[in-house]
Amino acid sequence: MFLASALFPALLLAGTTPAAMPEGAELAASVQSADSELFALFFTGCDPEKLRTMVTDTLEFYHDKGGLVATSGAQFVAEYATNCEAKKAPDAWRSRRALVVESLHVDPVPGFGAMEAGEHLFYERKGDGPEKLVGKAAFAMVWQWADGRWKLHRVLSYAHKPVP
């Protein structure tokens, strides 16, 4: 009896199909939501296990100042984990990213996911000091729709400029 009751929930889950990829206006809204969740976690959170669920194994990240930043999800998460520890110091520099919502553009990638492009602003503060707008940049990202959720697959971060 125990075996049957333990297997029943697993059988139910095995028979479910993942949610269909959002379309139309819902596509843009869901990608924007994934974008916000990812960047909030990356800049102001510290949860490597959660970040791992938000990126593909084959993530690639290209940056006009830092070069080829990551060639795998594991590498990206490992560097994030190291930076998380450094941010715990009381006088550490802390950053925040803000999406320029009116610049956001999302297009579907049939059979795979979506492309997102736009601009974002960066803010910094030392310790608990005042926050200051320090830069802006453009970005393009490819998201993979997998198991009913978005996972970051490719990143281009470019046109970084200081803000006076």
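Note that the structure is a prediction, hence the values are computed from the model and not measured.

A. Structural detail: the environment of Ala20. With respect to the helices and strands, the residue Ala20 is situated in the loop between helix H1 (2-14) and helix H2 (24-44). Each C-alpha atom, one on Ala20 and one on Gly148, is 6.7 Å from the other, the two residues being 128 residues apart in sequence.

B. Local environment of the side chain of Arg94. Relative to the helices and strands, Arg94 is located in strand E3 (residues 93-99). Buried charge Arg94 goes without a salt bridge, the closest partner of opposite sign being Asp128 at 5.4 Å. In terms of polar contacts, Arg94 uses its side chain to reach the backbone carbonyl oxygen of Ala92, at 2.9 Å. Filtering out sequence-adjacent residues up to four positions away, Arg94 remains in contact with Lys87, Lys88, Ala89, Tyr123, Glu124, Arg125 and Gly127.

C. A look at the packing of aromatic side chains. Inspection of the entire model under this criterion finds seven aromatic pairs. Their ring planes at 25° and their centres at 5.9 Å tell us that Phe61 and Phe76 sit as a pair that is stacked. You can see Phe61 sitting in strand E1 (residues 55-63) and its partner Phe76 sitting in helix H4 (residues 73-87), a full 15 residues away along the chain. Across the pair, exposure class does not vary: Phe61 and Phe76 are buried alike. Ring-pair connections join several aromatic residues into one group, and the members of that group are Phe39, Phe42, Phe43, Phe61, Phe76, Tyr80 and Phe122. The ring of Tyr123 has Arg96 lying over it, and the distance from NZ or CZ to the ring centre is 4.3 Å.

D. Representation of a nonpolar patch on the surface. The grouping of Tyr62, Leu68, Leu156 and Tyr158 at the surface amounts to a nonpolar patch, some 370 Å² of accessible area in total. By the secondary structure assignment, Leu68 is in strand E2 (residues 67-70). Of the residues examined, Leu68 reaches a relative accessible area of 47% and is grouped as partly exposed.

E. Highlighting the packing of H2 against H4. Close contact between H2 and H4 brings their axes to 9 Å; oriented N to C, the two are set at 50°. Here H4 runs oblique to H2, going by the angle between their axes. On H4, the residues touching Leu41, Phe42, Phe43 and Thr44 of H2 are Phe76, Tyr80 and Lys87. Of the residues contributing to the contact of H2 with H4, the split by class is five nonpolar, one polar and one charged.

F. Structural detail: the pattern of salt bridges. What the rule picks out here adds up to seven salt bridges. A salt bridge links Arg52 to Asp57; the nearest nitrogen and oxygen atoms lie 2.2 Å apart. A salt bridge links Lys88 to Glu85, with the shortest nitrogen-to-oxygen separation between them at 3.0 Å. On the basis of relative accessible area, Lys88 is assigned to the exposed category, the value being 54%.

G. Quick look at the pairing of strand E4 (residues 105-109). Bridging between E4 and strand E5 (residues 113-126) involves five bridges; their strand directions are antiparallel. In the strand pairing of E5, Val106 is matched with Glu116. Where E4 folds back on E5, the antiparallel hairpin that results is connected by three residues, among which Gly111 adopts a positive phi of roughly 75°.

H. Region of the structure containing H4. Between its terminal C-alpha atoms H4 stretches 21 Å, which fits the 21 Å expected from 15 residues at 1.5 Å a residue. Those residues of H4 that sit buried are Gly73, Phe76, Val77, Tyr80, Cys84 and Lys87. Each buried residue of H4 sits inside an arc of 90° when the element is viewed along its axis, so together they form one side. Looking at the buried positions of H4, the neighbouring elements they touch are H2, helix H3 (48-52), E1, E2 and E3.

About the thresholds
- Residues numbered from 1 in each chain as written.
- Predicted model: local features only at pLDDT ≥ 70, side-chain atom pairs only at ≥ 80, totals over all residues.
- Heavy atoms only, no water.
- Helix = DSSP H or I, 4+ residues; strand = E, 2+ residues; numbered from the N terminus.
- Buried < 20%, exposed > 50% of the residue type's maximum accessible area, 1.4 Å probe, protein only.
- Lys, Arg positive; Asp, Glu negative; His and termini not counted.
- Salt bridge = Lys/Arg side-chain N within 4 Å of Asp/Glu carboxyl O.
- Polar contact = N/O pair within 3.5 Å; in protein donor to acceptor, adjacent residues only side chain to side chain.
- Contact = heavy atoms within 4.5 Å.
- Phe/Tyr/Trp six-rings, centres within 6.5 Å; stacked < 30°, edge-to-face > 60°.
- Lys NZ or Arg CZ within 6 Å of the ring centre and 35° of its normal.
- Patch = residues over 30% accessible without salt bridge, like charges linked within 9 Å, V, L, I, M, F, W, Y side chains within 5 Å.
- Areas by Shrake-Rupley, 256 points an atom, 1.4 Å probe, with all protein chains shown as cover.
- Axes fitted to C-alpha atoms, helices over the stretch in contact; angles between N-to-C directions.
- Parallel < 35°, antiparallel > 145°, perpendicular 65-115°, else oblique.
- Nonpolar A, V, L, I, M, F, W, Y, C, P; charged D, E, K, R; others polar.
- Pairing = 2+ DSSP bridges.
- Expected span 1.5 Å × (residues − 1).
- Arc of directions from axis to C-beta.

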